[in-house]
Amino acid sequence: MQRFSAFALIRQALNGQKGWDRQWRDPEPKPAYDAIIVGGGAHGLGTAYYLAREHGIRNVAVLEKGWIGGGNTGRNTTIIRSNYLFDESAALYDHALKLWERMSQDLNYNVMFSQRGVLMLAHNVHDEQVFKRHVHSNRLNGVDNEWLSAAEAKAFCPPLNIAPGMRYPVLGAALQRRAGTARHDAVAWGYARAADALGVDIIQNCEVTGIDRDAAGKVTGVQTSRGAIRTNRLGIVAAGNTSVLMAMAGQRMPLESYPLQALVSEPVKPIVPCVIMSNTIHAYISQSDKGELVIGAGTDAYISYSQRGAMHISAHTLEAICELFPMFRRMRMLRNWGGIVDVTPDRSPIIAKTEVSGLYVNCGWGTGGFKATPGSAHLFAWTLAKDEPHRINAPFNLGRFQSGRLIDEAAAAAVAH
Amino acid sequence: MLLITCPFCGQRPEIEFAYGGEAHIARAADPRATSDEAWTEYLYVRGNARGLHAERWRHIRGCGRFFNALRDTVTDHFVATYKMGEARPDRTEGKQP
Ligand SMILES: Cc1cc2nc3c(=O)[nH]c(=O)nc-3n(C[C@H](O)[C@H](O)[C@H](O)COP(=O)(O)OP(=O)(O)OC[C@H]3O[C@@H](n4cnc5c(N)ncnc54)[C@H](O)[C@@H]3O)c2cc1C
Ligand SMILES: [Zn+2]
């Protein structure tokens, strides 16, 4: 792997930029692998990277039906935070946040991780009480989160309108300073490049169409659009398409897939210094380094695999944004798109072994799994390598839907992010 | 926005309706005799079909009545809507007639 550094940049500049290698190979699938990951999103690519780096399992393929990062990874609004309510979730998301803090160095790839802070606005007494409860619970778990008065919130984020006459007055806000954003494509590419350098085959345009099992039910391989490939360790990391893949091994899942939308505006000079979320009016906004306002909308009401959402959903979000920031009323939107998110009944993910020997699943990240990418990948690689969950992902199993030990983060995940 | 045909009122815009999840999931007749597996299936596990999906809708801002629909979840085409209590129409293709 050609390492990136200031020195390499200068040398290539003098060279007319002609000496750069391709960042990962484009291999033909081999007949068999020690482990196969289905889904070339950042969670899947990261899983392959950690399998190779931490567990020495390098004969690994990532199979992606389209192009890597073309699923929810490349469609998300990149909010990263770890201020979830319950102990299990705080441990999971903060594990990820700690890995984010050194990801660019680990991967030798600038993922533009920016800890600009996430501000969650309180508009009524209920919000205020809920956020304060979150702040206390987070701090007991060693996760930073603090309560700001309206004036303090305005000082942190000057474009905020805290006038009392607003339709949705700002009574205060919860702020996680370590939270922020990252460049989504770079995360997929950085993991792909680093995994490839360790020997992982990244195989694009390769759709998995079947899962092969022996008489005892054990996984023996997959059928794909590029032929059959053998393995006895199969990890499914397919976000909105998880139910479809798991059905290939006869498994029914506690999942529903919904379209979730986002929009970006025309680029403008820096105006939004942090991420601002409002659960009550269901809107959130940040500004990309290119200058676009990045706005997240809600999910459609019904399940769908259409990868686009209804217009009235994004219109509703824009109304909310204009109420909060009247100065954005004349901004024009440049693009909007949808991704298919897989939602569990308790809004917490599943990172687990399954009933089928050799079959593992990492799914249910719903509207908010980008923030968990390195943690999810790290823990799933552990689970695949050791055939047992890590302490942190042990609670995020499939059995909880039968035992009733749900991890109900519906409140923390109320707004799609 | 989708156009949905209420079996009682005819074609109306999507925002008049509320979605009610997968259809034809019956609650156990004898809850105490029902296994944990069956409860899990009833409460949490869903087909999440990529293709034809039978689902409940309610014309909440219209006649207020519940009905079922068969929709293709890839194209969002409604293949059929039918009254509660009627069997799922026997269709295999997803295109609107
Ligand atoms: C609009 C939007 C905004 C979001 N905003 C945020 C946010 O601000 N913060 C946050 O934390 N999260 C957010 N999310 C959620 C986040 O994007 C996801 O949780 C996360 O990216 C999931 O990553 P993944 O790698 O598991 O899935 P994906 O990136 O979707 O990867 C799954 C891959 O599997 C492939 N695949 C599917 N079926 C097959 C098959 N049969 N064979 C081979 N490959 C297959 C797909 O092509 C896809 O590339 C948002 C999502 C959306 C849609
Ligand atoms: Zn009606």
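These numbers come from a predicted model, not from an experiment.

### Topic: the UniProt feature "domain: Rhodanese" (unreviewed entry) in chain A
1) Next: Using the residue numbers shown here, the UniProt feature "domain: Rhodanese" (unreviewed entry) corresponds to residues 36-79 of chain A.
2) Next: Strand forms 16% of residues 36-79 of chain A and helix 32%; the C-alpha atoms that close the span are 29 Å apart.

### With respect to unusual backbone geometry
All names here are of chain A.
1) Next: One non-glycine residue, Thr 78, lies in positive phi territory at about 60°.
2) Next: Along the polypeptide, Thr 78 turns up in the loop between strand S2 (60-63) and helix H3 (87-100).
3) Next: In this structure, Met 112 takes a positive phi of about 55° despite not being glycine.
4) Next: On the basis of relative accessibility, which here comes to 32%, the residue Met 112 falls in the partly exposed class.

### A few points about the interface of chain A and chain B
The accessible area lost on association of the parts is a frequent measure of interface size.
1) Next: Between chain A and chain B, the contact holds 24 residues from the first and 23 residues from the second.
2) Next: Between chain A and chain B, a total of about 2,100 Å² is buried, with carbon and sulfur atoms accounting for 51% of that surface.
3) Next: On the surface where chain A and chain B come into contact, there are one salt bridge.
4) Next: For A:Arg252, the salt bridge goes to B:Glu41, with nearest N and O atoms at 2.5 Å.
5) Next: One can count 11 residue pairs in polar contact (both at pLDDT 80 or more) joining chain A with chain B.
6) Next: At the level of secondary structure, the elements contributing two or more residues to the side of chain A that touches chain B comprise helix H8 (242-247), strand S11 (256-265) and helix H11 (400-403) of chain A.
7) Next: At three residues, S11(A) tops the list of elements feeding residues into the side of chain A that touches chain B.
8) Next: Its residues placed into classes, the side of chain A that touches chain B shows 13 nonpolar, seven polar and four charged.

### Let's talk about the side chain of A:Asp196
All names here are of chain A.
1) Next: Tracing the backbone shows Asp 196 in helix H7 (residues 184-197).
2) Next: Within polar-contact distance, the side chain of Asp 196 engages the side chain of Arg 25 at 2.9 Å.
3) Next: Not counting chain neighbours up to four residues away, the residues in contact with Asp 196 comprise Gln 23, Trp 24, Arg 25 and Ile 202.

### Overview of the coordination of the zinc ion (ligand 2)
All names here are of chain B.
1) Next: Around the zinc ion (ligand 2), the donor atoms from the protein are Cys 6 (SG), Cys 9 (SG), His 59 (ND1) and Cys 63 (SG), and they sit 2.0 to 2.3 Å away.
2) Next: Written as a sequence motif, the donor residues of the zinc ion (ligand 2) are C-x2-C-x49-H-x3-C.
3) Next: According to the relative accessible area criterion, Cys 6 is buried, its value standing at 2%.

### Section: the packing of H3(A) against helix H10 (residues 373-386) of chain A
Residue and element names in this part refer to chain A.
1) Next: In contact at an axis separation of 6 Å, H3 and H10 are set at 105° when each is read in the N-to-C sense. Here H3 lies roughly perpendicular to H10, going by the angle between them. Along its contact with H3, which presents Leu 92, His 95, Ala 96, Leu 99 and Trp 100, the element H10 presents Thr 373, Pro 374, Gly 375, His 378 and Leu 379.
2) Next: A per-class count over the contact of H3 with H10 returns six nonpolar, four polar and no charged.

### Section: the side chain of A:Thr47
1) Next: With respect to the helices and strands, A:Thr47 occurs in helix H2 (residues 42-55).
2) Next: Not counting residues within four places of it along the chain, the set of residues in contact with A:Thr47 comprises A:Ile37, A:Ala377, A:Phe380, A:Ala381 and A:Leu384.

### Details of a nonpolar patch on the surface
1) Next: Where nonpolar side chains cluster on the molecular surface, the patch consists of A:Leu9, A:Ile10, A:Leu14 and A:Trp20 and spans about 440 Å² of accessible area.
2) Next: Its place among the elements puts A:Trp20 in the loop between helix H1 (6-14) and strand S1 (35-38).

### Comments concerning the packing of aromatic side chains
Each aromatic ring pair is described using two quantities: the centre-to-centre distance and the angle formed by the ring planes.
1) Next: According to the stated counting rule, one finds 18 aromatic pairs over all chains in the structure shown.
2) Next: Ring geometry for A:Phe325 and A:Phe328: centres 5.2 Å apart, planes at 40°, overall tilted.
3) Next: Residue A:Phe325 is classed as buried on the basis of its relative accessible area, which comes to 1%.
4) Next: Three or more aromatic residues joined by ring pairs form one cluster here, namely A:Tyr302, B:Phe17, B:Tyr19, B:Trp57, B:Phe67 and B:Phe78.
5) Next: Cation over ring: A:Lys386 sits above A:Trp382, and NZ or CZ is 4.5 Å from the ring centre.
6) Next: Lying across the ring of B:Phe8, B:Arg65 places its NZ or CZ 3.8 Å from the centre.

### Some points on H2(A)
Residue and element names in this part refer to chain A.
1) Next: Here H2 spans 19 Å end to end across 14 residues, near enough to the 20 Å set by a 1.5 Å rise per residue.
2) Next: Within H2, 11 of the 14 residues are buried, which leaves the element mostly enclosed by the surrounding structure.
3) Next: What H2 keeps buried is the set Ala 42, His 43, Gly 44, Leu 45, Gly 46, Thr 47, Ala 48, Tyr 49, Tyr 50, Leu 51 and Ala 52.
4) Next: Phi for Gly 56, located one or two positions after H2, is positive at around 65°.

### With respect to the sheet that holds strand S7 (residues 208-213) of chain A
Pairing between sheet strands relies on hydrogen bonds along the backbone, with the strands arranged either parallel or antiparallel.
Residue and element names in this part refer to chain A.
1) Next: Read from one edge to the other, the open sheet built from three strands follows the order S7-S8-S9, with strand pairing classed as antiparallel. Two strands close off the open sheet at either side, each with one partner strand: S7 and strand S9 (227-230). Mean inter-strand twist for the sheet, computed between neighbouring axes without regard to direction, equals 25°.
2) Next: In this sheet, strand S8 (residues 219-224) lies alongside S7 in antiparallel orientation, the contact comprising five bridges.

Each value, and the rule that gives it
- Residues numbered from 1 in each chain as written.
- Chains lettered and ligands numbered in written order.
- Predicted model: local features only at pLDDT ≥ 70, side-chain atom pairs only at ≥ 80, totals over all residues.
- Heavy atoms only, no water.
- UniProt positions renumbered as here; feature names shortened; annotations may be inferred.
- Helix = DSSP H or I, 4+ residues; strand = E, 2+ residues; numbered from the N terminus.
- Buried < 20%, exposed > 50% of the residue type's maximum accessible area, 1.4 Å probe, protein only.
- Contact = heavy atoms within 4.5 Å.
- Buried area = accessible area lost by both parts, 1.4 Å probe.
- Salt bridge = Lys/Arg side-chain N within 4 Å of Asp/Glu carboxyl O.
- Polar contact = N/O pair within 3.5 Å; in protein donor to acceptor, adjacent residues only side chain to side chain.
- Nonpolar A, V, L, I, M, F, W, Y, C, P; charged D, E, K, R; others polar.
- Donors = N, O, S within 2.8 Å, 3.2 Å for Na, K, Ca; no water.
- Axes fitted to C-alpha atoms, helices over the stretch in contact; angles between N-to-C directions.
- Parallel < 35°, antiparallel > 145°, perpendicular 65-115°, else oblique.
- Patch = residues over 30% accessible without salt bridge, like charges linked within 9 Å, V, L, I, M, F, W, Y side chains within 5 Å.
- Areas by Shrake-Rupley, 256 points an atom, 1.4 Å probe, with all protein chains shown as cover.
- Phe/Tyr/Trp six-rings, centres within 6.5 Å; stacked < 30°, edge-to-face > 60°.
- Lys NZ or Arg CZ within 6 Å of the ring centre and 35° of its normal.
- Expected span 1.5 Å × (residues − 1).
- Pairing = 2+ DSSP bridges.

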